[in-house]
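Below, each chain spelled out in residue letters.
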Amino acid sequence: MKRARGTSGYGAAKRIHDYSYAILNIAALAGQYESTGEPVIRLNIGDPTLYGFEPPPELTRACIAAFGRDAHSYTHSCGILPAREAIARDAAFRGIELTTDDIVITSGATEAADMLCTAMLNPGDEVLCPSPCYPLYAALISRQEAVCVSYTLDPGSNWLPDPLEIEQLITPRTRLLIIINPNNPTGAIYPADLLSALAEIAERHGILCLADEVYRKLIYSGAHNPFATFAGRNLPVFTLESLSKNYMAPGWRTGWMSITNSRLVPDIRLALQKLAEARVCAPAAPQFAIPDALSLQYDYLLPVINKLRERRDLTVKMINAIEGLSCGTPEGAFYVMAKVDLSLYPFASDEEFIVELLRKKRILCVHGSGFGTEPGDGYFRIVYLPDTSTLERVYNDFEDFLRHCR
Ligand code: PLP
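Reading the values: the criteria
- Residues numbered from 1 in each chain as written.
- Predicted model: local features only at pLDDT ≥ 70, side-chain atom pairs only at ≥ 80, totals over all residues.
- Heavy atoms only, no water.
- Helix = DSSP H or I, 4+ residues; strand = E, 2+ residues; numbered from the N terminus.
- Rg over C-alpha atoms; globule rule 2.2 N^0.38 Å.
- Buried < 20%, exposed > 50% of the residue type's maximum accessible area, 1.4 Å probe, protein only.
- Contact = heavy atoms within 4.5 Å.
- Areas by Shrake-Rupley, 256 points an atom, 1.4 Å probe, with all protein chains shown as cover.
- Lys, Arg positive; Asp, Glu negative; His and termini not counted.
- Charge placed at Lys NZ, Arg CZ, Asp CG, Glu CD.
- 1 Å grid on protein atoms, 1.4 Å probe; cavity = no way out; pocket = protein on both sides within 12 Å on 5 of 7 lines; lining within 4 Å.
- Points joined across faces, edges and corners; volume = space filled by probe spheres on them.
- Nonpolar A, V, L, I, M, F, W, Y, C, P; charged D, E, K, R; others polar.
- Pairing = 2+ DSSP bridges.
- Right-handed = clockwise from strand over helix to strand, strands pointing away.
- Near = heavy atom within 4 Å.
- Polar contact = N/O pair within 3.5 Å; in protein donor to acceptor, adjacent residues only side chain to side chain.
- Axes fitted to C-alpha atoms, helices over the stretch in contact; angles between N-to-C directions.
- Salt bridge = Lys/Arg side-chain N within 4 Å of Asp/Glu carboxyl O.

Asker: When you look at the overall build of the protein in this model, what are you seeing that I'm missing?
Answerer: Across its full length, the protein holds 14 helices and 14 strands. Relative to a compact globule of 406 residues, whose C-alpha radius of gyration would be 22 Å, the protein shows 22 Å and is just as compact. Looking at the protein residue by residue over its 406 residues, the buried ones come to 56%. Restricting the contact set of the protein to residue pairs at least 6 apart, pairs at least 24 apart contribute 74%. About 17,500 Å² of surface is accessible on the protein, with carbon and sulfur atoms providing 52% of the total. Within the protein, the 47 negative side-chain charges are centred at a point lying 6 Å from the centre of the 38 positive side-chain charges.

Asker: When you look at empty space enclosed by the protein in this model, what are you seeing that I'm missing?
Answerer: The rolling of a water-molecule-sized probe over the atoms marks out the regions of remaining empty space. Taken as a whole and assessed by the stated rule, the structure comprises one cavity of 30 Å³ or more. By volume, the largest cavity is sized at about 60 Å³. Put simply, the parts of the chain that give the lining of the largest cavity at least two residues each are α4 (81-93), β8 (237-242) and β9 (255-260). Considering only residue class, the lining of the largest cavity consists of six nonpolar, three polar and three charged.

Asker: I would appreciate a short explanation of the pairing of strand β4 (residues 147-154) in the present structure.
Answerer: Note on strand geometry: in a regular strand, side chains alternate between the two faces of the sheet. The sheet contact formed by strand β3 (residues 126-131) and β4 spans six bridges and is parallel. Paired with V127 across the bridge in β4 is C148. Viewed along the sheet, the connection from β3 through helix α6 (residues 136-143) into β4 turns out right-handed. With antiparallel pairing between neighbouring strands as the criterion, β4 and strand β5 (residues 160-161) make up a hairpin whose turn holds five residues, including N158 at a positive phi of roughly 55°.

Asker: Looking at this structure, how should I read the site of the ligand?
Answerer: Around the ligand sit 13 residues in total, of which T110, D212, Y215, S242 and S244 are the nearest. Y215 places a side-chain nitrogen or oxygen 2.6 Å from an oxygen atom of the ligand. Within the contact set of the ligand, an oxygen atom lies 2.6 Å away from a side-chain nitrogen or oxygen of S242. Starting from 400 Å² of accessible surface for the ligand in isolation, the protein chains cover 94%. Of all the elements, helix α5 (residues 108-120) adds the most residues to the shell around the ligand, at three residues. Of the residues assigned to the shell around the ligand, the class counts are five nonpolar, five polar and three charged.

Asker: Got a minute to help me understand the sheet that holds β8 in this structure?
Answerer: Sheet strands pair by backbone hydrogen bonding; their relative direction is either parallel or antiparallel. Spatially, β2-β9-β8-β7-β6-β3-β4-β5 is the arrangement adopted by the eight strands of the open sheet, whose pairing is mixed. This sheet does not close on itself; its edge strands, each paired only once, are β2 (103-106) and β5. Inspection of the sheet shows β3 paired to strand β6 (residues 174-180) by three bridges, in the parallel sense. Each residue of the ladder has a partner; that of E126, found in β6, is T174. This element, α4, spans β2 and β9 of the sheet and lies at about 120° to β2.

Asker: Teacher, can you tell me more about the sheet that holds strand β14 (residues 379-383) here?
Answerer: Within the open sheet, the four strands sit side by side as β10-β11-β14-β13. Their pairing is antiparallel. Each edge of the sheet is formed by a strand with only one pairing partner; in this case those strands are β10 (325-327) and β13 (366-367). Where strand β11 (residues 335-340) meets β14, five bridges bridge the pair, whose relative direction is antiparallel. Residue K339 lies in a different strand from β14, and its bridge partner there is Y379.

Asker: I'm lost on the pattern of salt bridges in this one. Help?
Answerer: Where side chains of opposite charge bring their charged atoms close, a pairing between them can arise. With the rule as written, the count across this model stands at 17 salt bridges. One salt bridge in this structure joins R143 and D114, with 2.6 Å as the shortest N-O distance. Of the two residues, R143 is situated in helix α6 and D114 in helix α5; the sequence distance between them amounts to 29 residues. Residue R143 is classed as partly exposed on the basis of its relative accessible area of 23%. For E356, the salt bridge goes to R359, with nearest N and O atoms at 2.8 Å. Taken together, the residues E356 and R359, both in helix α13 (residues 350-361) and three residues apart, mark about one turn of the helix. With a relative accessible area of 17%, E356 lands in the buried category. Each of the salt bridges in this network shares a partner with another, and the network as a whole consists of D90, R94, R216 and E241.

Asker: Just checking my understanding: could you explain the environment of P161 for this structure?
Answerer: Within the secondary structure, P161 is located in strand β5. Given the relative accessible area of 7%, P161 is considered buried. In sequence terms P161 and P130 are 31 residues apart; their C-alpha atoms lie 7.7 Å from each other. Non-local contacts of P161, meaning those with residues more than four positions away in its chain, are made with Y151, T152, L153, I166, Y190 and L194.

Following this line, the structure appears as C-alpha coordinates:
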(Lines give C-alpha, C1' and ligand atoms only; values in the text may rest on other atoms or scores of the structure.)
Protein backbone atom coordinates (compact mmCIF):
# COMPACT_ATOMS: atom_id res chain seq x y z
CA MET A 1 0.00 0.00 0.00
CA LYS A 2 1.30 3.43 -0.92
CA ARG A 3 1.73 5.60 2.17
CA ALA A 4 0.31 9.14 2.15
CA ARG A 5 3.17 11.66 2.35
CA GLY A 6 1.78 15.05 3.33
CA THR A 7 4.04 17.32 5.34
CA SER A 8 3.04 15.23 8.34
CA GLY A 9 3.99 11.99 6.56
CA TYR A 10 7.61 13.09 6.80
CA GLY A 11 7.20 14.64 10.25
CA ALA A 12 9.76 14.41 13.04
CA ALA A 13 9.17 12.16 16.03
CA LYS A 14 6.73 13.58 18.59
CA ARG A 15 9.24 13.19 21.41
CA ILE A 16 11.42 15.85 19.76
CA HIS A 17 8.65 18.48 19.77
CA ASP A 18 9.64 19.80 23.19
CA TYR A 19 13.33 19.37 22.55
CA SER A 20 15.00 22.73 22.74
CA TYR A 21 18.46 24.12 23.51
CA ALA A 22 18.13 27.84 24.16
CA ILE A 23 21.88 28.44 24.25
CA LEU A 24 22.14 27.71 20.53
CA ASN A 25 18.56 28.58 19.44
CA ILE A 26 19.08 32.27 20.15
CA ALA A 27 22.32 32.16 18.19
CA ALA A 28 20.49 31.81 14.84
CA LEU A 29 19.81 35.56 14.64
CA ALA A 30 23.42 36.31 15.59
CA GLY A 31 24.48 33.98 12.77
CA GLN A 32 22.45 36.07 10.30
CA TYR A 33 24.36 39.22 11.31
CA GLU A 34 27.67 37.43 11.13
CA SER A 35 26.91 36.05 7.68
CA THR A 36 26.62 39.65 6.43
CA GLY A 37 29.99 40.53 7.94
CA GLU A 38 28.74 42.13 11.16
CA PRO A 39 30.63 40.76 14.17
CA VAL A 40 28.66 39.70 17.23
CA ILE A 41 30.15 39.40 20.71
CA ARG A 42 28.97 36.00 21.79
CA LEU A 43 28.43 35.69 25.49
CA ASN A 44 26.04 32.79 25.01
CA ILE A 45 28.18 29.67 24.98
CA GLY A 46 30.63 28.33 27.53
CA ASP A 47 33.50 27.51 25.20
CA PRO A 48 36.74 28.82 26.78
CA THR A 49 38.73 28.23 23.59
CA LEU A 50 36.81 31.02 21.84
CA TYR A 51 38.40 33.50 24.26
CA GLY A 52 42.07 32.53 24.19
CA PHE A 53 42.05 29.68 26.71
CA GLU A 54 43.73 26.49 25.53
CA PRO A 55 44.07 22.93 26.78
CA PRO A 56 47.30 22.36 28.78
CA PRO A 57 50.04 21.52 26.20
CA GLU A 58 50.74 18.16 27.88
CA LEU A 59 47.25 17.04 26.93
CA THR A 60 47.52 18.17 23.34
CA ARG A 61 50.86 16.34 23.11
CA ALA A 62 49.34 13.16 24.55
CA CYS A 63 46.52 13.36 22.04
CA ILE A 64 48.85 13.91 19.08
CA ALA A 65 51.18 11.13 20.26
CA ALA A 66 48.17 8.81 20.38
CA PHE A 67 47.39 9.62 16.75
CA GLY A 68 50.95 8.52 15.94
CA ARG A 69 50.38 5.16 17.70
CA ASP A 70 47.16 3.42 18.41
CA ALA A 71 44.34 5.95 18.30
CA HIS A 72 43.07 4.84 14.92
CA SER A 73 41.25 1.84 16.32
CA TYR A 74 38.00 1.51 18.19
CA THR A 75 38.63 1.36 21.92
CA HIS A 76 36.88 -0.69 24.59
CA SER A 77 33.28 0.61 24.67
CA CYS A 78 33.75 1.94 28.21
CA GLY A 79 37.08 3.56 27.33
CA ILE A 80 40.77 2.61 27.41
CA LEU A 81 41.89 0.92 30.61
CA PRO A 82 44.74 3.36 31.48
CA ALA A 83 42.25 6.24 31.39
CA ARG A 84 39.74 4.40 33.58
CA GLU A 85 42.55 3.47 35.99
CA ALA A 86 43.60 7.12 36.18
CA ILE A 87 39.98 8.19 36.85
CA ALA A 88 39.65 5.58 39.63
CA ARG A 89 42.98 6.70 41.17
CA ASP A 90 41.96 10.35 41.05
CA ALA A 91 38.62 9.50 42.66
CA ALA A 92 40.35 7.49 45.42
CA PHE A 93 42.56 10.49 46.11
CA ARG A 94 39.37 12.52 46.69
CA GLY A 95 37.82 9.85 48.95
CA ILE A 96 35.63 8.11 46.34
CA GLU A 97 35.87 4.35 45.93
CA LEU A 98 35.56 3.14 42.31
CA THR A 99 36.76 0.23 40.22
CA THR A 100 37.54 0.58 36.53
CA ASP A 101 34.24 -1.24 35.85
CA ASP A 102 32.38 1.67 37.45
CA ILE A 103 33.58 4.09 34.77
CA VAL A 104 32.33 4.78 31.24
CA ILE A 105 34.26 7.20 29.04
CA THR A 106 31.89 9.10 26.77
CA SER A 107 31.69 11.75 24.05
CA GLY A 108 31.61 14.53 26.60
CA ALA A 109 29.50 14.63 29.74
CA THR A 110 26.58 15.21 27.37
CA GLU A 111 26.68 11.65 26.10
CA ALA A 112 27.06 10.35 29.65
CA ALA A 113 23.90 12.23 30.73
CA ASP A 114 22.07 10.98 27.65
CA MET A 115 23.11 7.38 28.31
CA LEU A 116 22.08 7.55 31.95
CA CYS A 117 18.63 9.00 31.14
CA THR A 118 18.14 6.34 28.46
CA ALA A 119 19.35 3.57 30.76
CA MET A 120 17.13 4.37 33.72
CA LEU A 121 14.06 6.46 32.82
CA ASN A 122 10.67 5.12 31.75
CA PRO A 123 7.81 7.32 30.44
CA GLY A 124 6.16 9.11 33.35
CA ASP A 125 9.15 8.80 35.70
CA GLU A 126 9.90 12.03 37.53
CA VAL A 127 13.30 13.70 37.70
CA LEU A 128 14.10 16.45 40.17
CA CYS A 129 15.88 19.13 38.19
CA PRO A 130 17.22 22.49 39.35
CA SER A 131 15.50 25.61 38.06
CA PRO A 132 17.17 27.46 36.43
CA CYS A 133 18.97 24.55 34.80
CA TYR A 134 21.46 23.84 32.07
CA PRO A 135 18.93 23.05 29.28
CA LEU A 136 20.43 19.69 28.30
CA TYR A 137 18.65 17.95 31.16
CA ALA A 138 15.09 19.07 30.39
CA ALA A 139 15.68 18.03 26.77
CA LEU A 140 17.01 14.57 27.68
CA ILE A 141 14.21 13.95 30.18
CA SER A 142 11.51 14.94 27.71
CA ARG A 143 13.11 12.66 25.12
CA GLN A 144 12.52 9.71 27.46
CA GLU A 145 8.91 10.94 27.93
CA ALA A 146 9.78 11.34 31.59
CA VAL A 147 8.77 14.39 33.64
CA CYS A 148 11.06 17.18 34.76
CA VAL A 149 10.01 18.36 38.26
CA SER A 150 11.76 21.62 39.01
CA TYR A 151 13.22 22.55 42.37
CA THR A 152 14.09 26.18 42.97
CA LEU A 153 17.56 27.65 42.98
CA ASP A 154 16.91 30.73 45.02
CA PRO A 155 18.60 33.96 43.87
CA GLY A 156 17.94 35.32 47.38
CA SER A 157 20.27 32.71 48.88
CA ASN A 158 23.04 32.71 46.29
CA TRP A 159 21.06 30.38 44.03
CA LEU A 160 21.23 27.48 46.50
CA PRO A 161 18.44 24.88 46.62
CA ASP A 162 16.34 24.21 49.70
CA PRO A 163 16.45 20.52 50.75
CA LEU A 164 12.99 20.89 52.35
CA GLU A 165 11.46 21.96 49.05
CA ILE A 166 13.18 19.08 47.27
CA GLU A 167 11.83 16.58 49.77
CA GLN A 168 8.30 17.95 49.37
CA LEU A 169 8.49 17.43 45.59
CA ILE A 170 9.24 13.71 45.93
CA THR A 171 6.46 11.33 44.80
CA PRO A 172 6.39 7.57 44.27
CA ARG A 173 7.42 8.25 40.64
CA THR A 174 10.58 10.18 41.51
CA ARG A 175 13.63 8.30 40.22
CA LEU A 176 16.48 10.76 39.93
CA LEU A 177 17.82 13.92 41.57
CA ILE A 178 20.08 16.09 39.41
CA ILE A 179 22.68 18.23 41.15
CA ILE A 180 24.93 20.57 39.16
CA ASN A 181 27.85 21.77 41.24
CA PRO A 182 29.55 24.13 40.35
CA ASN A 183 26.38 25.31 38.75
CA ASN A 184 25.55 26.38 35.23
CA PRO A 185 23.86 28.85 34.74
CA THR A 186 24.29 30.43 38.20
CA GLY A 187 27.97 29.89 39.07
CA ALA A 188 26.96 28.78 42.60
CA ILE A 189 29.03 26.32 44.63
CA TYR A 190 27.19 24.03 47.04
CA PRO A 191 28.46 23.80 50.63
CA ALA A 192 29.14 20.44 52.29
CA ASP A 193 26.18 20.60 54.68
CA LEU A 194 23.76 21.15 51.78
CA LEU A 195 25.21 18.24 49.80
CA SER A 196 25.07 16.01 52.85
CA ALA A 197 21.39 16.93 53.41
CA LEU A 198 20.58 16.15 49.75
CA ALA A 199 22.36 12.78 49.96
CA GLU A 200 20.46 11.92 53.13
CA ILE A 201 17.08 12.76 51.53
CA ALA A 202 17.89 10.80 48.36
CA GLU A 203 18.99 7.75 50.31
CA ARG A 204 15.94 7.85 52.59
CA HIS A 205 13.58 7.98 49.59
CA GLY A 206 15.53 5.51 47.41
CA ILE A 207 16.25 8.10 44.70
CA LEU A 208 19.32 7.90 42.47
CA CYS A 209 21.54 10.95 42.08
CA LEU A 210 23.28 12.46 39.08
CA ALA A 211 26.11 14.79 40.13
CA ASP A 212 27.22 16.97 37.23
CA GLU A 213 30.69 18.17 38.26
CA VAL A 214 32.06 19.25 34.89
CA TYR A 215 33.23 22.58 36.38
CA ARG A 216 34.65 21.12 39.58
CA LYS A 217 38.11 22.66 39.20
CA LEU A 218 36.87 26.12 38.20
CA ILE A 219 36.21 27.58 41.63
CA TYR A 220 37.46 30.87 43.05
CA SER A 221 38.03 29.93 46.68
CA GLY A 222 37.88 26.91 48.94
CA ALA A 223 37.68 23.31 47.77
CA HIS A 224 35.07 21.47 45.75
CA ASN A 225 33.05 18.85 47.62
CA PRO A 226 32.38 15.86 45.34
CA PHE A 227 28.81 14.72 45.89
CA ALA A 228 29.90 11.05 45.81
CA THR A 229 31.83 11.57 49.07
CA PHE A 230 28.44 12.00 50.81
CA ALA A 231 27.01 8.80 49.34
CA GLY A 232 27.99 6.44 52.18
CA ARG A 233 27.34 2.77 51.34
CA ASN A 234 23.69 2.96 50.33
CA LEU A 235 23.23 5.75 47.81
CA PRO A 236 24.07 5.20 44.13
CA VAL A 237 25.59 8.34 42.61
CA PHE A 238 26.40 8.86 38.93
CA THR A 239 29.08 11.54 38.64
CA LEU A 240 29.77 13.31 35.34
CA GLU A 241 33.10 14.88 34.50
CA SER A 242 34.70 16.13 31.33
CA LEU A 243 37.79 17.51 29.63
CA SER A 244 35.61 20.30 28.19
CA LYS A 245 35.73 22.94 30.92
CA ASN A 246 38.31 21.96 33.57
CA TYR A 247 40.85 21.25 30.83
CA MET A 248 39.52 23.67 28.21
CA ALA A 249 39.08 21.10 25.45
CA PRO A 250 35.35 21.10 24.64
CA GLY A 251 35.86 20.11 21.01
CA TRP A 252 37.63 16.89 22.01
CA ARG A 253 34.22 15.58 23.10
CA THR A 254 35.64 13.56 25.98
CA GLY A 255 34.03 13.06 29.35
CA TRP A 256 33.10 10.24 31.68
CA MET A 257 30.56 8.89 34.11
CA SER A 258 31.54 7.10 37.30
CA ILE A 259 29.13 5.11 39.41
CA THR A 260 29.53 5.15 43.17
CA ASN A 261 27.94 2.16 44.91
CA SER A 262 27.40 0.47 41.55
CA ARG A 263 26.66 -2.84 43.33
CA LEU A 264 23.23 -1.35 44.20
CA VAL A 265 22.31 -0.70 40.53
CA PRO A 266 23.36 -3.82 38.57
CA ASP A 267 20.53 -3.48 36.03
CA ILE A 268 21.35 0.14 35.23
CA ARG A 269 25.04 -0.76 35.10
CA LEU A 270 24.26 -3.46 32.54
CA ALA A 271 21.99 -1.13 30.55
CA LEU A 272 24.80 1.46 30.42
CA GLN A 273 27.19 -1.20 29.23
CA LYS A 274 24.79 -2.18 26.42
CA LEU A 275 24.30 1.46 25.40
CA ALA A 276 28.07 2.00 25.44
CA GLU A 277 28.57 -1.04 23.22
CA ALA A 278 25.80 0.02 20.83
CA ARG A 279 27.59 3.29 20.06
CA VAL A 280 30.98 1.49 19.94
CA CYS A 281 33.24 3.96 21.79
CA ALA A 282 34.11 7.59 22.52
CA PRO A 283 36.74 9.31 20.30
CA ALA A 284 39.97 7.37 20.86
CA ALA A 285 42.81 9.93 20.79
CA PRO A 286 41.66 12.29 23.58
CA GLN A 287 41.13 9.31 25.89
CA PHE A 288 44.91 8.96 25.94
CA ALA A 289 45.14 12.47 27.43
CA ILE A 290 42.97 11.61 30.45
CA PRO A 291 45.80 10.14 32.60
CA ASP A 292 47.90 13.25 31.86
CA ALA A 293 44.97 15.53 32.69
CA LEU A 294 44.39 13.86 36.04
CA SER A 295 48.07 13.94 37.01
CA LEU A 296 48.52 17.68 36.28
CA GLN A 297 49.54 19.80 39.24
CA TYR A 298 47.20 22.60 40.25
CA ASP A 299 49.63 25.19 38.73
CA TYR A 300 48.17 24.68 35.27
CA LEU A 301 44.90 26.13 36.50
CA LEU A 302 46.22 29.10 38.46
CA PRO A 303 46.56 31.51 35.51
CA VAL A 304 43.14 30.42 34.26
CA ILE A 305 41.48 30.96 37.63
CA ASN A 306 43.22 34.31 38.07
CA LYS A 307 41.99 35.53 34.68
CA LEU A 308 38.48 34.26 35.34
CA ARG A 309 38.41 35.88 38.78
CA GLU A 310 39.42 39.24 37.30
CA ARG A 311 36.69 38.91 34.64
CA ARG A 312 34.11 37.88 37.20
CA ASP A 313 34.98 40.79 39.52
CA LEU A 314 34.77 43.30 36.67
CA THR A 315 31.44 41.81 35.59
CA VAL A 316 29.90 41.97 39.07
CA LYS A 317 31.14 45.53 39.61
CA MET A 318 30.02 46.92 36.26
CA ILE A 319 26.66 45.12 36.10
CA ASN A 320 25.66 46.33 39.55
CA ALA A 321 26.69 49.88 38.64
CA ILE A 322 24.21 50.01 35.72
CA GLU A 323 20.78 51.30 36.60
CA GLY A 324 18.20 48.54 36.24
CA LEU A 325 20.74 45.68 36.22
CA SER A 326 21.93 43.55 39.11
CA CYS A 327 23.70 40.28 39.83
CA GLY A 328 25.23 38.33 42.70
CA THR A 329 28.80 37.05 42.87
CA PRO A 330 29.32 33.64 41.27
CA GLU A 331 31.83 31.42 43.06
CA GLY A 332 32.66 29.02 40.26
CA ALA A 333 32.48 28.24 36.51
CA PHE A 334 32.31 31.30 34.20
CA TYR A 335 28.66 32.30 34.21
CA VAL A 336 26.57 34.85 36.02
CA MET A 337 22.79 35.15 36.08
CA ALA A 338 22.12 38.88 35.88
CA LYS A 339 18.71 40.51 36.17
CA VAL A 340 17.18 43.39 34.28
CA ASP A 341 14.40 45.23 36.09
CA LEU A 342 11.71 44.87 33.41
CA SER A 343 9.44 47.35 35.19
CA LEU A 344 11.84 50.13 34.11
CA TYR A 345 11.99 49.20 30.41
CA PRO A 346 9.60 48.46 27.54
CA PHE A 347 10.49 44.78 27.22
CA ALA A 348 7.68 42.28 27.67
CA SER A 349 10.06 39.46 28.58
CA ASP A 350 13.67 38.45 29.21
CA GLU A 351 13.86 37.12 25.64
CA GLU A 352 12.69 40.42 24.14
CA PHE A 353 15.43 42.18 26.12
CA ILE A 354 18.05 39.74 24.81
CA VAL A 355 16.87 40.01 21.21
CA GLU A 356 16.84 43.85 21.35
CA LEU A 357 20.33 43.85 22.89
CA LEU A 358 21.50 41.71 20.00
CA ARG A 359 19.73 43.90 17.41
CA LYS A 360 21.03 47.19 18.79
CA LYS A 361 24.45 46.25 20.14
CA ARG A 362 25.36 42.95 18.50
CA ILE A 363 25.88 41.34 21.91
CA LEU A 364 24.48 37.87 22.46
CA CYS A 365 23.47 36.57 25.90
CA VAL A 366 20.88 33.91 26.76
CA HIS A 367 17.52 34.79 28.33
CA GLY A 368 16.84 33.21 31.74
CA SER A 369 13.65 31.54 30.51
CA GLY A 370 15.89 29.43 28.26
CA PHE A 371 17.08 27.91 31.54
CA GLY A 372 13.63 27.81 33.14
CA THR A 373 13.21 31.14 34.98
CA GLU A 374 9.97 33.08 34.46
CA PRO A 375 10.14 35.31 31.33
CA GLY A 376 8.85 38.26 33.40
CA ASP A 377 11.59 37.93 36.00
CA GLY A 378 14.16 39.47 33.65
CA TYR A 379 17.06 37.08 34.24
CA PHE A 380 19.71 36.52 31.62
CA ARG A 381 22.99 34.61 31.62
CA ILE A 382 26.31 36.21 30.79
CA VAL A 383 29.37 34.11 29.90
CA TYR A 384 32.21 36.28 31.22
CA LEU A 385 35.04 34.48 29.37
CA PRO A 386 36.23 37.40 27.14
CA ASP A 387 39.17 39.56 28.24
CA THR A 388 38.54 42.53 30.51
CA SER A 389 38.74 45.18 27.77
CA THR A 390 36.08 43.37 25.73
CA LEU A 391 33.92 42.96 28.82
CA GLU A 392 34.29 46.64 29.68
CA ARG A 393 33.12 47.54 26.19
CA VAL A 394 30.21 45.12 26.49
CA TYR A 395 29.01 46.50 29.81
CA ASN A 396 29.37 50.10 28.60
CA ASP A 397 27.21 49.07 25.65
CA PHE A 398 24.66 47.53 28.06
CA GLU A 399 24.44 50.87 29.83
CA ASP A 400 24.12 52.86 26.63
CA PHE A 401 21.48 50.45 25.31
CA LEU A 402 19.38 50.64 28.47
CA ARG A 403 19.71 54.44 28.71
CA HIS A 404 18.20 54.75 25.24
CA CYS A 405 15.41 52.27 26.02
CA ARG A 406 13.77 54.17 28.85
N1 PLP B 1 27.03 19.87 32.13
C2 PLP B 1 27.02 21.20 32.27
C3 PLP B 1 26.50 21.78 33.54
C4 PLP B 1 27.47 22.04 31.23
O5 PLP B 1 27.44 23.36 31.39
C6 PLP B 1 27.94 21.45 30.04
C7 PLP B 1 28.37 22.28 28.91
O8 PLP B 1 28.23 23.48 28.87
C9 PLP B 1 27.93 20.06 29.95
C10 PLP B 1 27.48 19.29 30.99
C11 PLP B 1 28.40 19.38 28.68
O12 PLP B 1 29.75 19.06 28.79
P13 PLP B 1 30.51 18.26 27.66
O14 PLP B 1 31.16 19.26 26.76
O15 PLP B 1 31.51 17.45 28.41
O16 PLP B 1 29.54 17.43 26.93
